[in-house]
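Residue strings, one per chain:
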Number of protein chains: 4
Amino acid sequence: MSDLRVAVLGVGLMGADHVVRIRDRISGARVSVVNDYLTDKAEEIADRIPGCRAIADPLDAIADTDVDAVVLATPGATHEKQLLACLEHGKPVMCEKPLTTDVETSLEVVRREAELGKRLIQVGFMRRFDDEYMALKALIDDGGLGRPLVLHCAHRNPAVPHGFDSAMVVRDSLVHEVDVTRYLFDEEIVAIQIIKPAPNPSGPEGLADPQIAILRTASGRHVDVELFVHTGVAYEVRTEVVGEKGSAMIGLDVGLVRRTGPGIWGGQITPSFRERFGRAYDTEIQRWVDAVHAGVNVDGPTAWDGYAAAAVCAAGVESLQTGLPVDVNLVARESIPGA
Amino acid sequence: MSDLRVAVLGVGLMGADHVVRIRDRISGARVSVVNDYLTDKAEEIADRIPGCRAIADPLDAIADTDVDAVVLATPGATHEKQLLACLEHGKPVMCEKPLTTDVETSLEVVRREAELGKRLIQVGFMRRFDDEYMALKALIDDGGLGRPLVLHCAHRNPAVPHGFDSAMVVRDSLVHEVDVTRYLFDEEIVAIQIIKPAPNPSGPEGLADPQIAILRTASGRHVDVELFVHTGVAYEVRTEVVGEKGSAMIGLDVGLVRRTGPGIWGGQITPSFRERFGRAYDTEIQRWVDAVHAGVNVDGPTAWDGYAAAAVCAAGVESLQTGLPVDVNLVARESIPGA
Amino acid sequence: MSDLRVAVLGVGLMGADHVVRIRDRISGARVSVVNDYLTDKAEEIADRIPGCRAIADPLDAIADTDVDAVVLATPGATHEKQLLACLEHGKPVMCEKPLTTDVETSLEVVRREAELGKRLIQVGFMRRFDDEYMALKALIDDGGLGRPLVLHCAHRNPAVPHGFDSAMVVRDSLVHEVDVTRYLFDEEIVAIQIIKPAPNPSGPEGLADPQIAILRTASGRHVDVELFVHTGVAYEVRTEVVGEKGSAMIGLDVGLVRRTGPGIWGGQITPSFRERFGRAYDTEIQRWVDAVHAGVNVDGPTAWDGYAAAAVCAAGVESLQTGLPVDVNLVARESIPGA
Amino acid sequence: MSDLRVAVLGVGLMGADHVVRIRDRISGARVSVVNDYLTDKAEEIADRIPGCRAIADPLDAIADTDVDAVVLATPGATHEKQLLACLEHGKPVMCEKPLTTDVETSLEVVRREAELGKRLIQVGFMRRFDDEYMALKALIDDGGLGRPLVLHCAHRNPAVPHGFDSAMVVRDSLVHEVDVTRYLFDEEIVAIQIIKPAPNPSGPEGLADPQIAILRTASGRHVDVELFVHTGVAYEVRTEVVGEKGSAMIGLDVGLVRRTGPGIWGGQITPSFRERFGRAYDTEIQRWVDAVHAGVNVDGPTAWDGYAAAAVCAAGVESLQTGLPVDVNLVARESIPGA
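Within each chain, residue numbers correspond to sequence positions counted from 1 in written order. Throughout, the order in which chains and ligands are written sets their labels, letters from A for the former and numbers from 1 for the latter. Local features are withheld for residues below a pLDDT of 70 in this predicted model, meaning they are given only at 70 or higher, and side-chain atom pairs are given and counted only at 80 or more; totals for whole chains, interfaces and linings count all residues. Excluded from the side-chain calculations are hydrogens and water; all other atoms, namely the structure's heavy atoms, are used.

The name an unreviewed UniProt entry assigns to chain A is Inositol 2-dehydrogenase, from the organism Mycolicibacterium mageritense. A UniProt comment under Function (unreviewed entry) is attached to chain A, and it reads "Involved in the oxidation of myo-inositol (MI) to 2-keto-myo-inositol (2KMI or 2-inosose)." UniProt positions are given in the numbering used here, feature names are shortened, and annotations may be inferred rather than shown by experiment. Recorded in UniProt under Catalytic activity (unreviewed entry), the annotation for chain A is "myo-inositol + NAD(+) = scyllo-inosose + NADH + H(+)".

See the structure below:
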């Protein structure tokens, strides 16, 4: 069986990681095409991968006969057009979040894929491929916690780039917990409220940080998420499900434990999402490659998952402004056969 | 120096514990008088304590010349009258929570003590005397976390007695986190909201369990508290402060760790508040005895702390009914000189 | 019931701690007499305790009619004479380790007490009163580990005083694990070997540090102990029992856990035995006081335990010199009726 | 660059794992040939791998022109002949432990490879590729512990196959800690003693289990290893290095932590080496494939490492019989240029 020929569109941080991942750690796939709006960068990367070309136009890259499948790591604003091109050419696509940058176009992508009658789009919510999240999901599904009732999350970054604003905390950080909630609880989120405590005095002027998100699911479950993007400490993602028969927590990040310094014991927290979820990305891509090879739908997050997350985050951004709870409006899923 | 002669009023669970505590583990004090509305029970306990008498009327007990100080473990509804009697006789009193059963009478007690110009009342918020809470407070006060920003709490009981209703979750359970918040953050709580997720199907019919309390402090800090009183697991109290320079968590309850059973590692969680906070009670009473001996004000929670907690819980009970945030109304502390 | 009048002999570090302990935290006892070879120091301490006198001669102190019981915290070399005086006057005595400074005199003390037909001596192996050791003992005795097979110990000090030599590591540090072994396994130790790895280059010249002790019990169980007295880190005492049905570990010393600094999580290790075992000392003394009051034998370590520990340590010191395993010689316990 | 064509010799448990690993998770390699003395099994596996043939004779498989490199997972007794064939054909070989089944033939393999002047053999000590061992090694090499002084290991299996005898505990279990010691401390082991405590009554008749291995390194460091192969619990591998500036422990195996059951907290221990070290095997093979592609020597364990481990284990088996310490005899490494 020959290697899956993958086009990686967008070779910034995430895309460049994917190129190296596919070259070095993924079995059964190779990068045949790269594309970036910075064409020099794409050329430079193509030169380092045997049998890889740079193609300047993303739509040409998608259409190319040397491309079996696409990894989309371009800016979100270009996703809609590129996703539709993938659908048109019948090419499987692994789309980094967000699906698109607004709810309407996300829904449009969902509809267009549903019309095709074939699932081609996977959205890059990689936590679903993390060993600990999978263990937590299995524990819930096996009934080990009884009926799950409450979810507590903390999502902390040591720092984020200059220009990261309050709405990006919702759209780029919270979006992961939105997907985690839907994944663990297997139901939609119906309301969201963002609480803005007095901000961290060490954070950037004007940024609402930390933020507290309060979610309610269709069946009335409660979720709270601490979002804190300028902690100065490390990348910390902690998740606790409280159920009818007990609770379970992941993300304690315990590895090597030292007893050094005067009177200190402890360990190292992973510095960024790349260390924390590096293996989840590997698993995500390997399983996607395997599913494409096998011609089956991967069990990963779908376009609908991308749309639902977008709708929750849009409501979250509205709540960020008003401080009030905002209902999430989703179209009825059954109104789109195949979604 | 002769032993402090203590009257213990109310010898139910808490009061009986205090009698044994003072007899067996407290230095410099002895129980000289016990009282209970069940006079037989009081007699029976008195018989087991050398030099101890039962007195049938609580006010007589307070007034007795063989009593230097009082521990109040009677039902809350009787506290007001008994506290005022202690003030009248100038006798120091360690009053189990609540101070009184409503905000107005609590405030009245605060005023009456303030008029005396002498602090005689300590309220039994024993967590302030727990090693881990004291370590957390010290870490905050030493600046180890920078400015504290957010507080996450979980307060879980394996089960509560029949008849424990939704408002009691606020008044009897949440009240501890209300005091912990005020203790750790050194400021008042200005608003409270109680969220009622879909209830635990294994819990008693009609009980809102779990509940989520959202508190806001005067300076805008955020506090969330999971209250869950029928977990079936154990007594779990976990507290995490998130600050400008990092976070700190207590209540992990790690002692002996076993690796037994097929593939299981772990330990035992303390079954109830008596094991979890037994030593905090010892410390609370010993320090109170020492302070009374020394004629100084103990550094424990005051009548004002009892009043403020009552006001927050009253607002909480209101929010429990409406589901909406409720402002907490406190009189200005400076309007009561000496409070 | 009036307070037990205790004479504390020796008011150096340990003895002074006991004076404060009895004054401040022990119920039912008071320090009536103190003694020290530094008479000024004894006077100074007596002045701070109501109703307490200094007596210059330790044997006079023991004999004094104002003394019901004795705490011995004098140098080990004086113990034999003082213990025999306690036996002669029929006064209960809590003797800090060692029982005496050699095996023969320890055995003599055992015989003399046995002849009295009344247990008056308790030896200060305080770990038996530590919550975690008691939990470990209970787990073993309840069969939770099946038959215990192996014991791993680590006993680390941040530093020890100038002049602490290699034999003192055995006599003053290892002696605790010797008693722990006998306590947990309820049998005698029959052989000991001390291994001297290449020493810590940061430690004092000439000190064998770390040392590894290998013990064998009568039924063939294995015990290993890492002794390391100049770690520069903290006071660390970790104990793991491996049994037929699993293992259990104590001494993890987890309390408040911080996530601070760049990428660091962890906590504080207790700096010295005073913090680590402070409460065990309180429990030890309170239970001793209670037992003396009640006229019953305390369930604490006996003169025989002191003698057995001395015999094991003497063999250990011999092995320290030769590097070879050394058999432990104990007289047959049944040859001394009442021991 | 075309895929490395790998022959996997021996498709029992380990070999079959490697076939699946190379097919599913390794980038840049494919299994072109499989071989097993059970020819049906080899055929069956070959049929499931595109482009893979079964070859009945292992030496033919090594010599085949469709084979670039060899993974040796055959029984140890056949390794010598197969390794020499690999050397003869100049083919890189990843040889599962043991290198050979005795010290002399291991040394012969070392000499023959050294004569070639080219490193072709890597030995399958996969722990060197485990994240935690690598972190521990990095901590030591970075000086974070100062000079390492002592190593404590526990190596526990829930059960081992029928017929696993006392010497196999040394040769098949201890061998890993032998390599870990040499890896972490970068020096040879000069003496070994096996202590046999009273055996686990639940274990198989006649098996010395647990065993305690005491190792001494050339510079005088101490290593102790608890080997316990019938614990009934899980697969537990714990490693602690104690150094001049502190200690570090790995293998705590903390992932998802539950608080369930009445009063229980804890998690799951990995059931076998496949879960515990599965990723280390992936890393081992991926890095070996990459190194072969790149034409460079992999930084993995060498034939010398295999020989040294064999020599230590042979001395260990001798000690197992006598109970006494046994010196390890290694030829001088510098006497074999290129080893």
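*Asks:* I'd like to hear about the overall build of chain A, residue by residue, with values.
*Replies:* What counts as a helix is a DSSP run of H or I of at least four residues, what counts as a strand is a run of E of at least two, and both are numbered from the N terminus. Along the backbone of chain A there are nine helices and 15 strands. By principal-axis analysis of the C-alpha atoms, chain A measures approximately 55 × 55 × 45 Å. Categorising residues by exposure relies on relative accessible area from a 1.4 Å probe, with only protein chains included: less than 20% of the type maximum marks a residue as buried, more than 50% marks it as exposed, and the intermediate range marks it as partly exposed. A burial count over chain A gives 63% of its 339 residues as buried. Two residues qualify as a contact provided that any one of their heavy atoms is within 4.5 Å of a heavy atom in the partner residue. For chain A, long-range pairs separated by at least 24 residues make up 70% of all intrachain contacts whose partners lie at least 6 apart in sequence. Charge centroids of chain A, computed over 34 positive and 50 negative side chains, lie 3 Å from each other. A positive count includes Lys and Arg, and a negative count includes Asp and Glu. His and the chain ends are not counted in either. For charged residues, the charge sits on one atom: NZ in Lys, CZ in Arg, CG in Asp, CD in Glu.

*Asks:* I'd like a description of the relation of the copies chain B and chain A, backed by residues and values.
*Replies:* Our superposition of the copies is a least-squares fit, built on the C-alpha atoms of residues whose pLDDT is at least 70 in both. At an RMSD of 0.0 Å, chain B and chain A line up after a rotation of 180° and a shift of 0.0 Å along the axis. Such a combination of rotation and displacement between the chain copies is what one expects of a two-fold axis. By C-alpha distance to the rotation axis, the residue of chain B lying nearest is Asp-224 of chain B, at 4.4 Å. Looking at the interface residues of chain B, 100% of them are also at the interface in chain A, so both copies use one shared face.

*Asks:* Give a description of the relation of the copies chain D and chain A that names residues and reports values.
*Replies:* In screw terms, the move from chain D to chain A is a rotation of 180° and a rise of 0.0 Å along the axis, fitting with an RMSD of 0.0 Å. The fraction of interface residues of chain D whose copies in chain A are also interface residues reaches 100%, indicating that both copies meet through the same surface.

*Asks:* A description of the interface of chain D and chain A should follow, citing residues and the corresponding values.
*Replies:* It is common to give the size of an interface as the accessible area lost on bringing the parts into contact. On the side of chain A, 32 residues touch chain D, which itself brings 32 residues to the contact. Here's the idea: put two parts together, see how much 1.4 Å probe accessible area each one loses, and the total over both is what we call buried area. Between chain D and chain A lies a buried interface of about 2400 Å² when both sides are counted; carbon and sulfur atoms form 50% of it. Basic side-chain nitrogens of Lys or Arg form a salt bridge, by our definition, when they fall within 4 Å of a carboxyl oxygen of Asp or Glu. Taken together, the connections running from chain D to chain A amount to two salt bridges. We call two N or O atoms a polar contact when they sit within 3.5 Å, provided that within protein one can donate a hydrogen and the other can accept it, with sequence-adjacent residues counted only if both atoms are side-chain atoms. Counting across the chain D and chain A interface gives twelve residue pairs in polar contact (both at pLDDT 80 or more). Where the side of chain D that touches chain A is concerned, the elements lending two or more residues are helix H1 (13-24), helix H6 (131-141), strand E12 (246-250), strand E13 (257-260) and helix H8 (273-294) of chain D.

*Asks:* So what about empty space enclosed by the protein? Which residues, and what values?
*Replies:* Empty space among the atoms can be located by rolling a probe the size of a water molecule over them. Any residue with an atom within 4 Å of a point lines the site, the site being either a cavity, points on a 1 Å grid over the protein atoms alone where a 1.4 Å probe fits but cannot get out, or a pocket, an open set with protein on both sides within 12 Å along at least 5 of 7 lines. Grid points are joined across faces, edges and corners, and a volume is the space filled by probe spheres set on the points. Tallying each qualifying case throughout the model produces eleven cavities of 30 Å³ or more. Roughly 570 Å³ of volume is contained in the largest cavity. At the level of elements, strand E13 (257-260) of chain A, strand E13 (257-260) of chain B, strand E13 (257-260) of chain C together with E13 of chain D are the ones that each hand at least two residues to the lining of the largest cavity. Taken together, the residues of the lining of the largest cavity break down into 20 nonpolar, no polar and five charged. Charged residues are taken to be Asp, Glu, Lys and Arg, nonpolar residues to be Ala, Val, Leu, Ile, Met, Phe, Trp, Tyr, Cys and Pro, and polar residues to be all remaining types, Gly included.

*Asks:* Let's hear about the packing of aromatic side chains: which residues, and what values?
*Replies:* When two rings of Phe, Tyr or Trp (its six-membered ring) have centres within 6.5 Å they constitute a pair, described as stacked for plane angles under 30 degrees, edge-to-face for angles over 60, and tilted for the intermediate range. Taken as a whole and assessed by the stated rule, the structure comprises 19 aromatic pairs over all chains. Considering the side-chain rings of Tyr-235 of chain C and Phe-277 of chain C, the 6.2 Å spacing of their centres and the 85° angle between planes classify their relative orientation as edge-to-face. With Tyr-235 of chain C in the loop between strand E10 (222-228) and strand E11 (236-243) and Phe-277 of chain C in helix H8 (residues 273-294), this residue pair connects regions lying 42 residues apart in the sequence. Assessed through its relative accessible area of 5%, Tyr-235 of chain C is described here as buried. Pairing Trp-304 of chain C with Tyr-307 of chain C gives two aromatic rings, centres 5.0 Å apart and planes at 65°, and the pair type is edge-to-face. Of this pair, Trp-304 of chain C and Tyr-307 of chain C both sit in helix H9 (residues 303-322), three residues apart, which is roughly one turn of the helix. Among the residues examined, Trp-304 of chain C registers a relative accessible area of 3% and is labelled buried. An aromatic cluster is built from Tyr-133, Tyr-235, Phe-273, Phe-277 and Tyr-281 of chain A, whose rings are joined through pairwise contacts. Whether a charge sits over a ring depends on NZ of Lys or CZ of Arg being within 6 Å of the ring centre and within 35 degrees of the ring normal. One cation-aromatic arrangement involves Lys-137 of chain B over Tyr-183 of chain B; the distance from NZ or CZ to the ring centre is 5.3 Å.

*Asks:* Can you lay out the packing of helix H7 (residues 166-185) of chain B against helix H9 (residues 303-322) of chain B for me, pointing to particular residues and giving the numbers?
*Replies:* Residue and element names in this part refer to chain B. Comment: axis = line fitted to C-alpha atoms, over the contacting stretch for helices; angle = value between 0 and 180 degrees taken between N-to-C directions. As a packed pair, H7 and H9 sit with axes 9 Å apart at the nearest point and diverge in direction by 135°. Judged by the inter-axis angle, H7 sits oblique to H9. In this structure, H7 meets H9 at a crossing whose hand is right-handed. Residue-level inspection shows Ser-166, Ala-167, Val-170, Arg-171, Val-175, Val-178, Asp-179 and Arg-182 of H7 in contact with H9, the latter providing Trp-304, Asp-305, Ala-308, Ala-309, Val-312, Cys-313, Gly-316, Val-317 and Leu-320. Classifying every residue of the contact of H7 with H9 by side-chain character gives eleven nonpolar, two polar and four charged. Roughly parallel means an angle under 35 degrees; roughly antiparallel means over 145; roughly perpendicular covers 65 to 115; every other angle is labelled oblique. By convention the crossing between two helices is left-handed if the near helix lies anticlockwise of the far one by an angle smaller than a right angle, and right-handed if it lies clockwise.

*Asks:* Tell me about the pattern of salt bridges, and please be specific about residues and values.
*Replies:* In this structure the tally under the stated criterion is 104 salt bridges over all chains. Arg-182 of chain B serves as the salt-bridge partner of Glu-188 of chain B, at 2.8 Å between the closest nitrogen and oxygen. We note that Glu-188 of chain B, like Arg-182 of chain B, is buried. Here Arg-5 of chain D ties to Asp-68 of chain D by a salt bridge, and the two come within 2.7 Å at their closest N and O atoms. Of this pair, Arg-5 of chain D sits in strand E1 (residues 4-9) while Asp-68 of chain D sits in the loop between helix H3 (58-63) and strand E4 (69-72), and the two are 63 residues apart along the sequence. Assessed through its relative accessible area of 23%, Arg-5 of chain D is described here as partly exposed. Because the salt bridges share partners, they merge into one network encompassing Arg-156, Glu-226, Glu-236 and Arg-238 of chain A, Glu-240 of chain B together with Arg-259 of chain C.

*Asks:* How would you summarise the pairing of strand E12 (residues 246-250) of chain C if you had to cite specific residues and measurements?
*Replies:* Most of E12 of chain C sits out of view: five of its five residues are buried. Judged by which residues are buried, E12 of chain C turns out to be covered on both faces: Gly-246, Ala-248 and Ile-250 of chain C on one side and Ser-247 and Met-249 of chain C on the other are all buried. When DSSP finds two or more bridges between two strands, those strands count as paired. Relative to E12 of chain C, E13 of chain B runs antiparallel, the two sharing four bridges. Residue pairing in the sheet places Val-257 of chain B in a bridge with Met-249 of chain C of E12 of chain C. Note: E11 of chain C against E12 of chain C, five bridges, orientation antiparallel. Within E12 of chain C, the position partnered with Thr-239 of chain C by the bridge is Ile-250 of chain C.

*Asks:* I'd like a description of the state of the cysteines, backed by residues and values.
*Replies:* The disulfide criterion is simple: two cysteine sulfur atoms within 2.5 Å. Throughout the structure, instances matching the rule amount to zero disulfides over all chains. The thiol of Cys-313 of chain B is not disulfide-bonded; the next cysteine sulfur, from Cys-153 of chain B, is found 13 Å away. Left without a disulfide partner, Cys-86 of chain C is nearest to the cysteine sulfur of Cys-95 of chain C, which lies 8.6 Å away. Overall, Cys-86 of chain C belongs to the buried group, its relative accessible area being 0%.

*Asks:* Which residues make up the sheet that holds strand E2 (residues 29-35) of chain A, and what values do they have?
*Replies:* Residues and elements named next belong to chain A. Across the sheet, which stays open at both edges, the six strands sit in the order E3-E2-E1-E4-E5-E6 with parallel pairing between neighbours. Two strands lie at the open edges of the sheet, namely strand E3 (53-54) and strand E6 (121-123), each paired on one side alone. One ladder, built from two bridges, connects E2 with E3; its direction is parallel. Residue pairing across strands places Val-33 opposite Arg-53, the latter belonging to E3. Against the sheet, helix H1 (residues 13-24) engages strand E1 (4-9), E2 and strand E4 (69-72), with an angle of about 150° to E2.

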